[in-house]
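# Architecture and fold: a report
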Amino acid sequence: MKNKRLNLLLIAVVTFVAAWSLWPTWRDYSLSKQLNSFGSAQDSLKYALSHREDIEDARKKSLKLGLDLKGGMHLVMEVDQVDLFEQKAWNKDAKFAAIMQAVRAKSTQTDARVIDLLVAEFKNENIRLSRYFYDIRNSDQEIVGKLEKESDEALSRAKEIIRNRIDQYGVAEPVITTQGSRKIIIELPGVSDENRVRNLLKGTAKLEFRLLREPEMMVRTLDRINTYLVDNGAAAHGATVPDSSAAVHAPLPQSGSTPTQPDSKSASTKPLYDVIGVFQNGTAYTSEHTKEFVSALLHRSDIQALLPPDTELLLAAKPDVGKTGEKLYSIYLVKKAPELTGGVITEAKATFGSQGVQPEVLMSMNSEGTSKWARITGANIGKRIAIVLDGAVYSAPVVQSKIPNGNSVINGIESLEEAKDLEIVLKAGALPAPVRITEERSVGPSLGADYIRAGMQSLAWAFCAVSIFMLVYYKKAGIAADIALVLNILIVLSVLAGFNASLSLPGIAGIVLTIGMAVDANVLIYERIREELAEGKSVVSAVTQGYDRAFSSILDSHVTTLSAAFLLYTYGIGPIQGFAVTLMIGTSASLFTAIVVTREIFHLLLAKNLMSDKSFG
Amino acid sequence: MRIFQKTNFNFIRYRKIAYGFSIMLLLAGMVSLVVKGLNYGIDFRGGSEVVIRFDKNIDVGQIRSVLDAAGVSGTLKQYGMDRSFLFSTVFQGDSGQLKSLVSNALNDRIKGNHHEIVRIDAVGPSIASDLKWSAVKALFASLFAILLYVGFRFEIKFATAGVIAIFHDILTVLGLFSILGGIFTFMPLEMDQSIIAAFLTIAGYSITDTVVVYDRIRERIRGQKPSEYERIFNESMNQTLSRTIITSGTVLLSVFVLFIFAGPAIRGFAFAVFTGIMIGTYSSIFVAAPLVYDWLRLTKSAVHLRGSKIS
C-alpha cells in the first residue's frame, strides 16, 4: 500500500514538473498570439511594453525551435592544423615544405588527425620531428605532445574569437561548439545576410604592418621572374597564361621602362609582363582577369625562391580603378618579417575619412605597440609601410612623420559595412590559424514554417492513429495506454524545454516514432494479461501477473533501442543528434509511463470495481 | 478485438523456405549494390544542394535550360512540395557564389515568376568522409552492444542469431535502396545521414520482436529435452505472434504517417524505417528463432539460459 502511494506521488510530481516546464512555452505562444491580434501596431507596442518582463521571461524559458524550423545557418569550420604546425616549425627548407604538402593533401581526404599524418609522413622520410620542431633534444613523443597541446589551444582560441565576432555582429542565441580536434560548429538562427556572415567568419584577421622594399628592387625582381619563366617555359609547370590581350593591354598608358605590348601569342618571350604591368614610378599591378593567375604564380615555391631574401610579393586587397575603368590590383614587394602585428591593437573604429566619403578603420594600440610604432615610424620617414590583413595589402602609405600616439588607419575600404566588419574582426583578434568552411546548411524562414506545419501534422495524425487503434483493439485498457502516451509526449517536450535543447524536424520525427514505440510496452503487457485471463485467472491476479511477466522483454527491448539511439547520438552530428535525443527521452519515458502510470490507473479502476475481464478487449 | 487468435503455424518446419527467401532477397540486394551501387546524398559525397521555390507553376525543363545556359551544371529535380525544385551540383566553392549565380540566372531569364532560395546546403569532401566513417562505426558499435546485451540476458547463440537477423534486415533495406534508388521522383532514396539514423533505429528495434520470442522460448524450454525443442519453438512463436505483429504495427502506423506528412526531407528515412521494421518482424520469426533452433539441433546440447526464474 505504501508503495502504491509512492507511485501516485511520483506520477503527480512528474506531471507537475512536465507542465511547469512547458508553461513558459504555452505562455510565449499565447502572448505572441495576443500581440498579433491587435488592430494597430501602436496597441501591440503598448501591450508589449506593459508586459515586457512577462514576454521576455516566457521567451527565454520556452521550448526552442531548431535551425531548420526557425530558419538560419549551420556552419562547420575547420581549423587548418597544417598551417598551424607550419607556423610552429623553424629551420624550414624545401624538404619540410614537401612533407607538409603531402600532409595537407592527405588531410583533405581522410578524417585522421593531422598530427598522426604528420608523424607518419616524417617516419616515412626517416626524419626526426625535432629537426624542425622545438628543441633538437626533444624526442618525437614529446614534440607530438607539445603540438597536440598547441592545436587544442588553437581550437579553443579560434572558438572564442569566432564567438567574439558573432557577438559583435549581433546574432540572437548563437550556439558555438567544438567537435573533435579541428572542427567548430556554429549555429546561427535567423541570419539573413549569409554572405556577410561568411566573410566575417572565414578571415583569419591577421593584421601586419610591413615595410615596403624599394621600387627598383621590385622591378629587378620582376625581371628576374620573367627571365626564369622564359627559360623554363611558363606552360611547363602546368600553368597556362590566361588570354590576356584584352585584360592588360588597355590600361597601360604611361608604362615605359618595361615592354608592355602584350601579344597573346608571345607568351614565350615575356610571360610575366603579359599579366603584370609596371608603371614608370615602379609600381606594378595586375588586372582583375589575371589576378587569380598571378596570385597562384606568386605562391609557387620556385618563384618564391627568386625573390630577394626576406621579401614577399603581395597583392592589394582592393582594386584601383584605371583610366579606362579597368580594375587594377597593385603588387607590392614587402619585407617578410612584419614590423608590428595586430596583437597590439586594442581598439578599432569604423568611420569616414577626412574627406567624409571614404570609409576607414581607426585603430589604437597598447603601450608596447605605441612605443614600437613610434620607433618604427620615426626610423622610416619617407618610406612606405604596407598595412596587410590576411595576406592582402589594404594600403601602403608613405610615413610622413613619427607617430607617437599609437594610432593607425586602414583605408582603401569599399563600404561602411565592410569597415564595420573589419572593426569587428580586429577587435575580436586574429585566429591562431586559418579556418575554412567545410559544411554549410542554411534554411530560409518560409521553408522552416513549412517544416513546422509538416511536423505538427505528422505528430497529430500519428497520435490519432495510434491512440484510436489502442482504443479499438484493447477497449478500456486502451484508455490507460492513451493517457500514458499523452504524458509521454509531454515529458519529451518538457525535457527538451527544461534542458534548453531545441526541437528540430528530425526531433519531431523522433517523437512520432516514439508514439509508435511507447505503446509497445502496453501491447506486451495487455497481451500477457489476455493470456492470463484466458487461463481463467481473476482480473486482479491477471493484471499483476501480466505486468510482472511482461517486464523482462519490455526492459530488453528498451535497452536495445536506447543503446542504438545513444550510439547514434555519440557518432552522429547536427540534425541526427536531435532525432537521437528525442528517441532516447521518449523511450526512457515510456518505461515509466507505459508501466507505472498504466498500472496505477488499473489499480484505481480495480479498487472501484470498474474493471472486468472484458476490459482488455 | 483480436487479430491472431490461437494460431498454430509450423514455423520451424517451413524455415528452409524462409531461409531461401531471405537469401534471395539479400542476393538481389547485393547484386544491385555491386552493379548499380547506391545513390549517395551530399552528406556522403560532398557538393551543394539548393532548394528553389517559385511563386507560380513552372516546368522543370525551363529551369534546367536556364541553369544550363548560366553554366551551372548539376541535376534538377522536383522537390516534394509544390513548385519547389532541388538542384544538386558538385560545386564546392563559396555557397554564396552559387546562390547568387543561380538567383541571378533565374531572375534574368524567368520573368514574372518570383523565386526564393529556401535552403542551401554545402558539404565539403572531408566532412563527407568523416560522416561515412562515423556512420559505419556507430552501426557496428550498436550491433556489438546488442550482441553483448542479448548474450548477457539470454545466451550467446541467441544473441548471435539475433544480430545475424539485424544484419539481414539492414542489408535487405540497403539492397532495396540500391534497387529502388532514383526510380521514384517523390522519394529519391539517397543515402544520407538520416538513412544512417534509420539503420540504427532498425537495429535497435528489430531485436525487440526477437527478444519477445526469445523470452517466451526461455520461459518454456527450461528442463525440456532437446527432442521437445521443435514443439516448444513453434508454440512459443505462435503464442507471441499476435504481440509481435501488433507492436510492429503501431510503429509502422506512425512511420507511415511520417512518410505521408513529414515532407521530402524525412521521406527517405521513413521509407527505410518502414521497410526495416517490416523485414525485422519477419526475420525475428523466420530467421532469428529458426537459426537458434538449427544451432541447438546441430550442437545437440541442452541450453543453459540465463534469466533465472520464470518471471
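Just so it is clear, the structure is predicted and the values come from calculations on it, not from any experiment.

### Some remarks on the overall build of chain A
On a plain count of helices and strands, chain A comes out with 20 helices and 18 strands. In terms of C-alpha radius of gyration, chain A reaches 34 Å, well past the compact-globule figure of 25 Å for 617 residues. The principal-axis extents of the C-alpha atoms in chain A amount to approximately 110 × 70 × 50 Å. Each of the 617 residues in chain A was classed as buried or not, and the buried ones make up 43%. Put simply, of all contacts in chain A between residues at least 6 apart along the chain, 72% involve residues at least 24 apart.

### Some points on the overall build of chain B
Assigned secondary structure in chain B consists of 9 helices and 4 strands. Of the regular secondary structure in chain B, the N- to C-terminal order runs α-α-β-α-β-β-α-β-α-α-α-α-α. By principal-axis analysis of the C-alpha atoms, chain B measures approximately 80 × 45 × 35 Å. In chain B, which comprises 311 residues, the share counted as buried stands at 48%. Look at the contacts in chain B between residues 6 or more apart in sequence, and 81% of them connect residues 24 or more apart.

### Digging into the domain arrangement of chain A
Split into domains, chain A comes out as domain 1 (74-184), domain 2 (214-307) and domain 3 (444-607). Its C-alpha centre places domain 1 of chain A at a distance of 46 Å from the equivalent point of domain 3 of chain A.

### Things to note about the sheet that holds strand E16 (residues 407-410) of chain A
All names here are of chain A. With respect to topology, 3 strands assemble into an open sheet ordered E12-E13-E16, the strand pairing being antiparallel. Strands at the two margins of the open sheet, each flanked by one partner only, are strand E12 (345-352) and E16. Averaged over neighbouring strand pairs, the angle between their axes works out to 25 degrees when direction is ignored. Bridging between strand E13 (residues 359-365) and E16 involves 4 bridges; their strand directions are antiparallel. What sits directly across from Ser 364, in E16, is Asn 407. Each of E12, E13 and E16 is contacted by helix H15 (residues 416-428), which is oriented at about 175 degrees to E12, the strand it contacts most.

### Looking at H15(A)
Residue and element names in this part refer to chain A. Its 13 residues give H15 an end-to-end C-alpha distance of 18 Å, which sits within 8% of 18 Å, the value for a rise of 1.5 Å per residue. Listed as buried for H15 are Ala 419, Asp 421, Leu 422, Glu 423, Ile 424, Val 425, Leu 426 and Ala 428. In this structure, the buried side of H15 is in contact with helix H8 (140-169), helix H9 (194-202), strand E5 (207-211), E12, E13 and E16. Looking one or two residues past H15, Gly 429 carries a phi angle of roughly 95 degrees, positive in sign.

### Brief notes about the interface of chain A and chain B
Chain A puts 63 residues into the contact, and the matching count from chain B is 61 residues. Mapped by element, the contributors of at least two residues to the side of chain A that touches chain B are H9, strand E17 (435-443), helix H16 (445-474), helix H18 (505-534), helix H19 (539-571) and helix H20 (575-607) of chain A. Here the side of chain A that touches chain B is composed, by residue class, of 31 nonpolar, 20 polar and 12 charged. In this sheet, strand E4 (residues 115-123) of chain B lies alongside E17(A) in antiparallel orientation, the contact comprising 5 bridges.

### Notes on the sheet that holds strand E11 (residues 340-341) of chain A
All names here are of chain A. Sheet architecture is open: 4 strands sit in the order E11-E5-E14-E15, paired in antiparallel fashion. The strands lining the two open edges of the sheet, one partner per strand, are E11 and strand E15 (392-395). Across 3 bridges, strand E14 (residues 385-389) lies against E15 in antiparallel orientation. Bridge pairing in E15 links Leu 389 to Ala 392.

### Looking at the environment of Lys60(A)
Residues and elements named next belong to chain A. Note that Lys 60 resides in helix H3 (residues 52-61). The exposure class assigned to Lys 60 is exposed, which follows from the 12 C-beta atoms found within 10 Å. Considered as a pair, Lys 60 and Asn 500 are 440 residues apart in the sequence and their alpha carbons are 9.3 Å apart.

### With respect to the nonpolar core
Within the largest apolar cluster, 160 residues are counted, with the highest numbers of intra-cluster contacts made by Ala509(A), Val512(A), Leu568(A), Leu200(B) and Ala203(B). Ala509(A) has contacts with Phe579(A), Leu258(B), Ala262(B), Ile266(B) and Phe269(B), leaving out every residue within four places of it along the chain. Within the second largest apolar cluster, 88 residues are counted, among which are Val82(A), Val103(A), Leu201(A) and Tyr332(A).

Conventions adopted
Residues numbered from 1 in each chain as written. Chains lettered and ligands numbered in written order. Predicted model: local features only at pLDDT ≥ 70, side-chain atom pairs only at ≥ 80, totals over all residues. Helix = DSSP H or I, 4+ residues; strand = E, 2+ residues; numbered from the N terminus. Rg over C-alpha atoms; globule rule 2.2 N^0.38 Å. Buried ≥ 20, exposed ≤ 12 C-beta atoms within 10 Å, placed from the backbone. Contact = placed C-beta atoms within 7 Å. Domains from an automatic or database assignment. Pairing = 2+ DSSP bridges. Axes fitted to C-alpha atoms, helices over the stretch in contact; angles between N-to-C directions. Expected span 1.5 Å × (residues − 1). Nonpolar A, V, L, I, M, F, W, Y, C, P; charged D, E, K, R; others polar. Core = buried A, V, L, I, M, F, W, Y, C linked by C-beta atoms within 7 Å.

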